[in-house]
Amino acid sequence: MKISNIAKLKPKKLIVFDLDGTLAPSKSPMDNEMANILGQLLRVKKVAVIGGGKYEIFQMQLLHELKIDKKLLKNLFIFPTTATAFYIYENSWKKVYALALSKKEVVKIKNTFERVFTEIGYRHPKKVYGELIEDRGTQVSFSVYGQDIVAVLGKRGIRMKEEWKKIHTPIKMKIAKMMSQYLPEFEVRAAGFTTIDVTRKGIDKAYGLQQIKKNVRIDIKDMLFIGDAIFPGGNDYPIVKTGIDDIPVRDAEETKAIIRVLLGQK
């Protein structure tokens, strides 16, 4: 759906956003402009954010940047690690659920990544930053340059990830496809610029939408999803099967334009 068609949609009660690449640059805080208009949106709509990062990343990218009356946080619902965890605000952030992987499952996933790397002859970059394969409790995530590249290099790290994506996305998709073949009991999704996430079977962003419907009591037809990876193999793509109205974006600037339309702004 194009931005120009938003006004033709039936008004939505809840807006669902991806985080990385949609509300904020990769593993970076959203900017002041985004924080401001998102705060305005929370005054008139309920909002959910579903992303691949763990809860601490959500705090850094999203929660710490929102300068709003805490009463408005009751309109915000967050789903870290690809909806394997769910938090609501009741005077503080409360965990609704967290679908943790067992130690045995984590070891199996990590070993399978190593198997795939060996089989396709994949070589890691000479310089990496932090863990390459991270246990996020409810999700295991492989990141090409390591989990901390943006924390260490800032915007330069984001540019490196963007450049890698432009050239090497076919390799990432090949790794994800082989992981899916070797781990049919898990969900495997390409995420962000350089990441592959693995969660329990059936747990993806579509599952997160169903949890919103169940816990917030808003039907999916009354939701709108906005994300940068609504394509086959992308970690936003599972939402398509729910029938939710969706708008793909390239970056946070396009997301801002959509929010302005939703707010009735030009």
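Helices and strands together make up the secondary structure of the chain, namely 8 helices and 11 strands. Over its C-alpha trace the chain gives a radius of gyration of 18 Å, about what one expects of a compact globule, namely 18 Å for 266 residues. If you line up the chain on its principal axes, its C-alpha atoms span 50 × 35 × 35 Å. Counting all 266 residues of the chain, 54% fall into the buried class. Sequence separation of 24 or more characterises 62% of the internal contacts of the chain that already satisfy a separation of 6 or more. Accessible surface for the chain amounts to roughly 12,600 Å². Of this, 52% is attributable to carbon and sulfur atoms.

Any two aromatic rings considered together are summarised by their centre-to-centre distance and by the angle between their planes. What the rule picks out here adds up to 10 aromatic pairs. Centroid distance Phe86 to Tyr97: 5.9 Å. Interplanar angle 65 degrees. Geometry classified as edge-to-face. With Phe86 in strand E4 (residues 85–89) and Tyr97 in strand E5 (residues 93–98), this pair connects stretches of sequence that are 11 residues apart. Here Phe86 and Tyr97 have matching classes, each one buried. Members of the aromatic cluster, connected to one another through ring pairs, are Phe79, Phe86, Tyr97 and Tyr207. Over the face of the ring belonging to Tyr182 we find Arg115, whose NZ or CZ atom lies 3.6 Å from the ring centre.

As a further point, take the packing of helix H4 (residues 103–120) against helix H6 (residues 155–182). Their axes nearest at 10 Å, the elements H4 and H6 cross at an angle of 125 degrees. Comparing the axis directions of H4 and H6 gives the class oblique. Of the two elements, H4 crosses H6, and the hand of that crossing is right-handed. Here H4 contributes Ile109, Thr112, Phe113, Arg115, Val116, Phe117, Glu119 and Ile120 to the contact with H6, which in turn contributes Lys174, Ile175, Met178, Met179 and Tyr182.

Ordered in space as E6-E7-E9-E8, the 4 strands form an open sheet in which the pairing is antiparallel. Single-partner strands in this sheet number two, and they are strand E6 (133–135) and strand E8 (186–191). Ignoring which end each strand starts from, the neighbouring axes of this sheet average 20 degrees apart. In the sheet, strand E7 (residues 140–143) pairs with strand E9 (residues 195–200) via 4 bridges, with the strands oriented antiparallel. In the sheet register, Val140 faces E9, and the bridge partner there is Val198. Together, E8 and E9 form the strand contacts of H6, whose direction differs from that of E8 by roughly 175 degrees.

Attention shifts here to the packing of helix H1 (residues 32–44) against helix H8 (residues 252–262). Packing of H1 against H8 leaves a shortest axis separation of 10 Å and a crossing angle of 30 degrees. With respect to each other, H1 and H8 are oriented roughly parallel. By crossing handedness, the relation of H1 to H8 is classed as left-handed. Residues Glu33, Met34, Ile37, Leu38 and Leu41 of H1 form the contact with H8, whose participating residues are Ala252, Glu253, Thr255, Lys256, Ile259, Arg260 and Leu262. Residue composition of the contact of H1 with H8, by class: 7 nonpolar, 1 polar and 4 charged.

Attention now moves to the pairing of E7. Burial of the side chains of E7 extends over both faces: Val140 and Phe142 are buried on one face and Ser141 and Ser143 on the other. With 3 bridges joining them, E6 and E7 adopt antiparallel strand pairing. Residue pairing across strands places Ile133 opposite Phe142, the latter belonging to E7. Connecting the antiparallel pair E6 and E7 is a turn made up of 4 residues, with Gly137 showing a positive phi of about 85 degrees.

The rules behind the values
- Residues numbered from 1 in each chain as written.
- Predicted model: local features only at pLDDT ≥ 70, side-chain atom pairs only at ≥ 80, totals over all residues.
- Heavy atoms only, no water.
- Helix = DSSP H or I, 4+ residues; strand = E, 2+ residues; numbered from the N terminus.
- Rg over C-alpha atoms; globule rule 2.2 N^0.38 Å.
- Buried < 20%, exposed > 50% of the residue type's maximum accessible area, 1.4 Å probe, protein only.
- Contact = heavy atoms within 4.5 Å.
- Areas by Shrake-Rupley, 256 points an atom, 1.4 Å probe, with all protein chains shown as cover.
- Phe/Tyr/Trp six-rings, centres within 6.5 Å; stacked < 30°, edge-to-face > 60°.
- Lys NZ or Arg CZ within 6 Å of the ring centre and 35° of its normal.
- Axes fitted to C-alpha atoms, helices over the stretch in contact; angles between N-to-C directions.
- Parallel < 35°, antiparallel > 145°, perpendicular 65-115°, else oblique.
- Left-handed = near helix turned anticlockwise from the far one by under 90°.
- Pairing = 2+ DSSP bridges.
- Nonpolar A, V, L, I, M, F, W, Y, C, P; charged D, E, K, R; others polar.

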